[in-house]
Amino acid sequence: MKKKKVLMAASVASMIDQFNMPNIRLLLELGYEVHVACNFLEGNTCDAGRIIKLKKRLREMSVLYYQWDCPRKMILAKACIKAYRQLLELAERQHFAWIHCHSPIGGALARIVAHQCGIRVIYTAHGFHFYQGAPLKNWLLYYPVEKLLSYWTDVLVTVNQEDLRFARRNLNAKKVYRIPGVGIDLAPFQKQPAGVDEQDISIIKQPELPKTPKDAVCLLSVGELSRRKNHRIVLSAIAALQRKDLYYLICGQGKLRYRLKRQAQRLGIADQVNIIGYQEHMAHIYKKADIFVLPSIQEGLSVALMEAMAAGLPCIVSDIRGNRELISDKKHTGGIRFLLGRQKQLQDALTRLADHKELRHRYGMYNQDIVMAYRLESVQRRMQKIYQEMEPKGTVSVLVALYNPNLKWLEELLHSIQRQTYVPYEVLLMDDGSRPELFPEILKVIEKVMDRQKQAFVYRNSQNEGSNRTFEKLVLLAKGAYIAFCDQDDIWEKDKLEKLVEAVRKENAVLSYSDLSVMDEDGNIWCQSLRRLRKGLRFVHGNDKTTAYLAENCSLGCSMLARTDLVKRSIPFSRYTYCDQWVAAYLSAYGRIAFVNKPLVRYRRHGANQTGTLMQIQNKRDYYKKRVLPMVRLTQELKNRGITYWQQQEAQAFGKARKNKDIRGIWKYRRINRKYAYFDILMILMPDAAVRVLFSIIKNSGNCDE
């Protein structure tokens, strides 16, 4: 069976590179075919060389990637529309099982596309732009969008406690989880065994750091050179302290690089500030620093801060969401927090840690213990559970029996199966001895439609064995938790499997089925419900309904979903009726029947498949053979199989009375099925000539499905 496809989507490639490569590896291990869509050309926080390496790694992992011209700003409407169309075309072409999306704009566009295509979606919020203390414009711009899109979000993943609490109170995603950041690999920060030289065990070329005086205190910040990272306040604090032993090292790239350099020159600290750009290997740099400073205005849960903690650095951080989660204000902590805009608090924190080496060491040791909870292994275990939840818990085997099918109708059917919002586990097709010249054409249709989904398996009987025997073979091949029987010429609504599985789970049922609409040979719907076609039809559901299924079948196989283990137990199917009636009668003895009061199948009515049996009944003898004897034989077969059910004795007595044309017995047990009791008595009392006239009138009136 070929792999299901999953899309990882983000606004920029650096989001994939820095935060999602472990997730991609996890998806590959889970057996998915992974696709990546992101902007490799613009907006990245890593350099061009790193992007080239990212593409190479993706190719080596057999991950397909696409340039997605996604902007980073919502106000770029034209660019957003272009990105939406790109992603929609990709989703329609590839038929993803689900999408994992990131970043505000990328996540918004991906969820709109997923909703339009009926694809399930995970959205990881690496920090909402609306948060306690955020600017009003952020709330006006981002919150309404996130609120609306949360209705289309199957799983919302947050990375900090504040966002988790907000999402659960105010947003409407089906499920909300928190993971402890994106996870960090602790190995590069762990101490090497005594006597081992780091240069001997690493082939990675370490970056050359600016030289500083021996007694200098090295401050380190890591992050994009942007207003949000707020490096300017650190420069001002260093200048205000007038300490020549403080040296500030900034790792990152961004549009504010030259502005920060000019600020350092203006403040007279240019020789104490070094901006060394984006660095691919950071462990060595963390180990050379003395204090880590994160003055950001906004963070989700900073990876750089967690890496600094893993390296054993004391930390000075702004008092914002995310930072508060890692650096507490308790007595025992790993750093100091300062309020945004309070430069004096930052200066005091710098002075305290710069002057007390022992305090720095104690804070660093504490951080190394705390950060263990944020290690990559812990995060990946949680992500694995989330990914596994995206796989339907009850997988479905769709069974299609074919016999000289109309190829156009077959293609329409297969397309409707492929469009299901609840992705089938497998589609099993068995040809029941179709004409030899037709079989190659059948294979072409299947390959044309189902090859994208890569889950279709085709079998063939050497000769025609009938639908019951063909479905028996398919049932034995089924591996899913549920079985969905399928006619060769119908059309499924896209939410058929989703609604039927939902009904089974909600009611803890053994079988669920739905109403049907009826269409003509050209696909035109002329009856919105089977009830309108078959007047007097009762959709039987609930507990203890075996008796109701013995006399008539209201759950057509094409509208049915049943537990695989029980269907396999019912084999061999009764030879006295069609398999759908037998399965419904058999399974209803084991549990509840659920009904979805919505037409989930478009039943194609044509000359070879009339839904009613009165079309085959001309007289009393036909009625007795087609309507009376099957119930008697089904009742006896259930008894022979050791199946017990409510009203079993009454059902047997009713069947016996019908068989013997015993009016008194039929009347006595009429509550088993009043419609057939009254009709049986009418058949017994009326002469055969009158019965022929009655059937003729019924057929001419169009009520042949009575």
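Residues numbered from 1 in each chain as written. Predicted model: local features only at pLDDT ≥ 70, side-chain atom pairs only at ≥ 80, totals over all residues. Heavy atoms only, no water.

**Q** It is not clear to me how the overall build of the protein chain should be interpreted in this structure. Could you clarify?
**A** Regarding its fold elements, the protein chain presents 28 helices and 22 strands. Computed over its C-alpha atoms, the radius of gyration of the protein chain comes to 34 Å, more than 25% above the 27 Å expected for a compact globule of 706 residues. In terms of overall dimensions, the protein chain has a C-alpha envelope of 115 × 55 × 55 Å along the principal axes. Taking all 706 residues of the protein chain together, the buried fraction comes to 54%. (Helix = DSSP H or I, 4+ residues; strand = E, 2+ residues; numbered from the N terminus. Rg over C-alpha atoms; globule rule 2.2 N^0.38 Å. Buried < 20%, exposed > 50% of the residue type's maximum accessible area, 1.4 Å probe, protein only.)

**Q** Sorry if this is basic, but what is going on with the packing of aromatic side chains here?
**A** Pairs of aromatic rings are described using the distance from one ring centre to the other and the angle between the two planes. A full pass over the atoms with the stated rule returns 20 aromatic pairs. Seen in terms of ring centroids, F539 and F595 are 4.6 Å apart; in terms of plane orientation they differ by 20°. Their pairing is stacked. Remark: F595 occurs in strand β22 (residues 593-604) and F539 occurs in the loop between α20 (530-533) and α21 (546-551); sequence separation between them is 56 residues. Take F595: its relative accessible area is 14%, and that puts it in the buried class. Among the aromatic residues, those joined into a cluster by ring pairs are F128, F130, W139, Y143 and F166. In this arrangement the basic side chain of K55 is found over the ring face of F40, its NZ or CZ atom lying 4.9 Å from the centre. Taking NZ or CZ as reference, K661 lies 5.1 Å from the ring centre of Y624, over its face. (Phe/Tyr/Trp six-rings, centres within 6.5 Å; stacked < 30°, edge-to-face > 60°. Lys NZ or Arg CZ within 6 Å of the ring centre and 35° of its normal.)

**Q** Help me out: how do you make sense of the sheet that holds strand β13 (residues 335-338) in this one?
**A** Within a sheet, neighbouring strands are paired by backbone hydrogen bonds and run either parallel or antiparallel to one another. Overall, parallel pairing links the 6 strands, which are arranged β10-β9-β8-β11-β12-β13 in an open sheet. This sheet does not close on itself; its edge strands, each paired only once, are β10 (273-275) and β13. Averaged over all pairs of adjacent strands, the angle between their axes in this sheet comes to 20°, without regard to strand direction. As paired strands, strand β11 (residues 291-294) and strand β12 (residues 315-318) are joined by 3 bridges and run parallel to one another. Each bridged residue has a counterpart across the sheet, and for V293 the counterpart in β12 is I316. (Pairing = 2+ DSSP bridges. Axes fitted to C-alpha atoms, helices over the stretch in contact; angles between N-to-C directions.)

**Q** How should a nonpolar patch on the surface be read in this particular structure?
**A** A contiguous nonpolar surface patch, about 280 Å² in accessible area, is contributed by I112, Y151 and W152. One can find W152 in the loop between α5 (136-150) and β6 (155-158). (Patch = residues over 30% accessible without salt bridge, like charges linked within 9 Å, V, L, I, M, F, W, Y side chains within 5 Å. Areas by Shrake-Rupley, 256 points an atom, 1.4 Å probe, with all protein chains shown as cover. Salt bridge = Lys/Arg side-chain N within 4 Å of Asp/Glu carboxyl O.)

**Q** What should I look at first to understand the packing of helix α23 (residues 579-588) against helix α24 (residues 620-640) in this one?
**A** Pairs of packed helices are described in terms of their axes, by the angle between the two and the distance that separates them. As a packed pair, α23 and α24 sit with axes 12 Å apart at the nearest point and diverge in direction by 50°. As far as their axial angle goes, α24 and α23 are oblique. Judged by the sense of rotation from one axis to the other, the crossing of α23 with α24 is right-handed. Taking contact as the criterion, the partners of Q581, W582 and Y586 in α23 are, on α24, L634, E637 and L638. Looking at the contact of α23 with α24 residue by residue, the classes come out as 4 nonpolar, 1 polar and 1 charged. (Parallel < 35°, antiparallel > 145°, perpendicular 65-115°, else oblique. Left-handed = near helix turned anticlockwise from the far one by under 90°. Contact = heavy atoms within 4.5 Å. Nonpolar A, V, L, I, M, F, W, Y, C, P; charged D, E, K, R; others polar.)

**Q** I'm lost on the confidence of the model for the protein chain in this one. Help?
**A** Detailed reading of predicted coordinates is not advised where the pLDDT is low. For the protein chain, the mean per-residue pLDDT works out to 86, and 93% of the residues sit at or above 70. Taken element by element, the protein chain is modelled with least confidence in helix α7 (residues 198-201), mean pLDDT 41, and with most confidence in strand β18 (residues 491-492), mean pLDDT 96. Low pLDDT, under 50, characterises residues 192-206; the predicted model gives this stretch 8 contacts beyond four residues in sequence or across chains. (pLDDT = per-residue confidence, 0-100.)

**Q** Looking at this model, I keep getting lost on the side chain of N230. Mind explaining?
**A** Secondary-structure assignment places N230 in the loop between β8 (217-222) and α8 (232-241). Taking the relative accessible area as the measure of exposure, N230 reaches 16% and is therefore buried. Here P295 takes part through its backbone oxygen, which lies 2.9 Å from a polar atom of the side chain of N230. With residues near it in sequence (within four places) discarded, N230 still touches P295, S296, I297 and L340. (Polar contact = N/O pair within 3.5 Å; in protein donor to acceptor, adjacent residues only side chain to side chain.)

**Q** Teacher, can you tell me more about the sheet that holds strand β4 (residues 98-102) here?
**A** Pairing is parallel across the open sheet formed by 7 strands, whose spatial order is β3-β2-β1-β4-β5-β6-β7. Strand pairing shows two members of the sheet lacking a second neighbour, β3 (64-67) and β7 (175-178), which therefore form its edges. Strand-to-strand, the axes of this sheet are offset by a mean angle of 20°, without reference to chain direction. Packing against the sheet, helix α4 (residues 104-117) makes contact with β1 (5-12), β4 and β5 (120-125), and its axis sits at approximately 160° to β4.

**Q** Looking at this model, I keep getting lost on the pattern of salt bridges. Mind explaining?
**A** Two side chains that carry opposite charge are able to pair once their charged atoms sit near each other. All chains considered together, the criterion is met by 34 salt bridges. Between D17 and R57 there is a salt bridge, with the nearest N and O atoms lying 3.2 Å from each other. Of this pair, D17 sits in helix α1 (residues 13-29) while R57 sits in helix α2 (residues 48-60), and the two are 40 residues apart along the sequence. Under the relative-accessibility criterion, D17 is labelled buried at 6%. In this structure R57 comes out as partly exposed when scored by relative accessible area, which is 26%. Measuring nitrogen to oxygen at the nearest pair gives 2.9 Å for the salt bridge that ties E465 to K473. The network of salt bridges with shared partners includes E162, D319, R324 and R337.

**Q** When you look at the environment of V303 in this model, what are you seeing that I'm missing?
**A** With respect to the helices and strands, V303 occurs in helix α11 (residues 303-310). Taking the C-alpha atoms as reference points, V303 and I184, separated by 119 residues in sequence, lie 7.2 Å from one another.

**Q** Could you clarify how one ought to interpret a positive patch on the surface in this entry?
**A** On the surface, K73, R232, K255, R259, R262 and R266 cluster together to form a positively charged patch. Mapped onto the fold, R262 is located in helix α9 (residues 257-267). Under the relative-accessibility criterion, R262 is labelled partly exposed at 48%. (Lys, Arg positive; Asp, Glu negative; His and termini not counted. Charge placed at Lys NZ, Arg CZ, Asp CG, Glu CD.)

**Q** What's the story with the pairing of β5 in this structure? I'm lost.
**A** Put simply, side chains in a regular strand alternate between the two faces of the sheet. Within β5, 5 of the 6 residues are buried, which leaves it mostly tucked inside the rest of the structure. Sheet topology note: the β4/β5 ladder contains 5 bridges and is parallel. Bridge assignment links C101 to a residue of β5, and that residue is Y123. For the crossover that starts at β4, traverses α4 and ends in the parallel β5, the hand is right-handed. Once you follow β5 into α5 and on to β6, the crossover reads as right-handed. (Right-handed = clockwise from strand over helix to strand, strands pointing away.)

**Q** Quick question: what am I supposed to make of unusual backbone geometry here?
**A** Excluding glycine, most residues fall at negative phi; most peptide bonds, likewise, are trans. Cis geometry marks the peptide bond from I571 to P572, where omega comes out at 0°. Positionally, P572 belongs in the loop between α22 (564-569) and α23. With a phi close to 55°, Q242 is a non-glycine residue in the positive phi region. Looking at where Q242 falls in the secondary structure, it is placed in the loop between α8 and β9 (246-251). In this structure, D544 is a non-glycine residue whose phi angle is positive, near 55°. Along the chain, the position of D544 falls in the loop between α20 and α21.

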